[in-house]
Amino acid sequence: MAHTCQNCGAVADDPGHLCNPADVHLHCEYCGAHDVSVNHVCKGKLAAMNFSCSTCGRVAEQKDQLCNPSEIT
């Protein structure tokens, strides 16, 4: 189960990393898995990823989906 900050919207697996945490169940749009972690990367998602965030390590298809994107080469 992930947690989201009710103040700023940040998401983390550990509620201790957030200032005002609330429980949230994340759903993977690529593989359909429910209740995944914040850093969940399934095989279908990994094949489509072009960028990673230099700050938090998340991956995304488009650079505007990350706060500090760098291209995966």
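One numbering rule holds for all chains: residues counted from 1, following each sequence as written. It should be noted that, the model being predicted, local features are given only for residues of pLDDT at least 70 and side-chain atom pairs only at 80 or more, the latter also being counted only at that level, while totals for whole chains, interfaces and linings use all residues. Heavy atoms throughout the structure, all of them, feed into the side-chain values; hydrogens and water do not.

1. A word on the overall build of the chain
So, point 1. Numbering goes from the N terminus for both helices and strands, where a helix is a DSSP run of H or I of at least four residues and a strand is a run of E of at least two. The number of helices and strands found in the chain is one helix and eight strands.
So, point 2. Overall, the chain shows an N-to-C arrangement of helices and strands of β-β-β-β-β-α-β-β-β.
So, point 3. C-alpha atoms of the chain, sized along the principal axes, occupy 35 × 25 × 15 Å.
So, point 4. Counting across all 73 residues of the chain, residues that qualify as buried make up 22%.
So, point 5. Once local pairs closer than 6 in sequence are excluded, the contacts in the chain between residues at least 24 apart make up 8%.
So, point 6. Areas reported here follow the Shrake-Rupley algorithm with a probe of radius 1.4 Å; residue values treat only the protein chains shown as occluding. With an accessible surface of roughly 5,000 Å², the chain has 47% of that area assigned to carbon and sulfur atoms.
So, point 7. Distance between charge centres in the chain, computed from 4 positive and 8 negative side chains, equals 8 Å. To sort residues, take the accessible area from a 1.4 Å probe on protein chains only and compare it with the maximum for the residue type: under 20% means buried, over 50% means exposed, and anything in between is partly exposed. Contacts are assigned to residue pairs that have any heavy atoms within 4.5 Å of one another. A positive count includes Lys and Arg, and a negative count includes Asp and Glu. His and the chain ends are not counted in either. Just so you know, the charge point we use is NZ for Lys, CZ for Arg, CG for Asp and CD for Glu.

2. A word on the sheet that holds strand β2 (residues 11-12)
So, point 1. Read across the open sheet, the three strands follow the order β2-β1-β3; overall the sheet is antiparallel. Two strands lie at the open edges of the sheet, namely β2 and β3 (21-24), each paired on one side alone.
So, point 2. Bridge analysis of strand β1 (residues 2-5) against β2 gives two bridges, and the strand direction is antiparallel. Bridging across to β2, H3 finds its partner in A12. Strand pairing is assigned whenever DSSP detects at least two bridges linking the two strands.

3. Focus: the environment of S52
So, point 1. In this structure, S52 sits in strand β6 (residues 51-53).
So, point 2. In this structure the C-alpha to C-alpha distance between S52 and Q62, which are 10 residues apart in sequence, comes to 9.4 Å.
So, point 3. Residues within four places of S52 in sequence aside, it is in contact with R58, V59, L66, N68, P69, S70 and I72.

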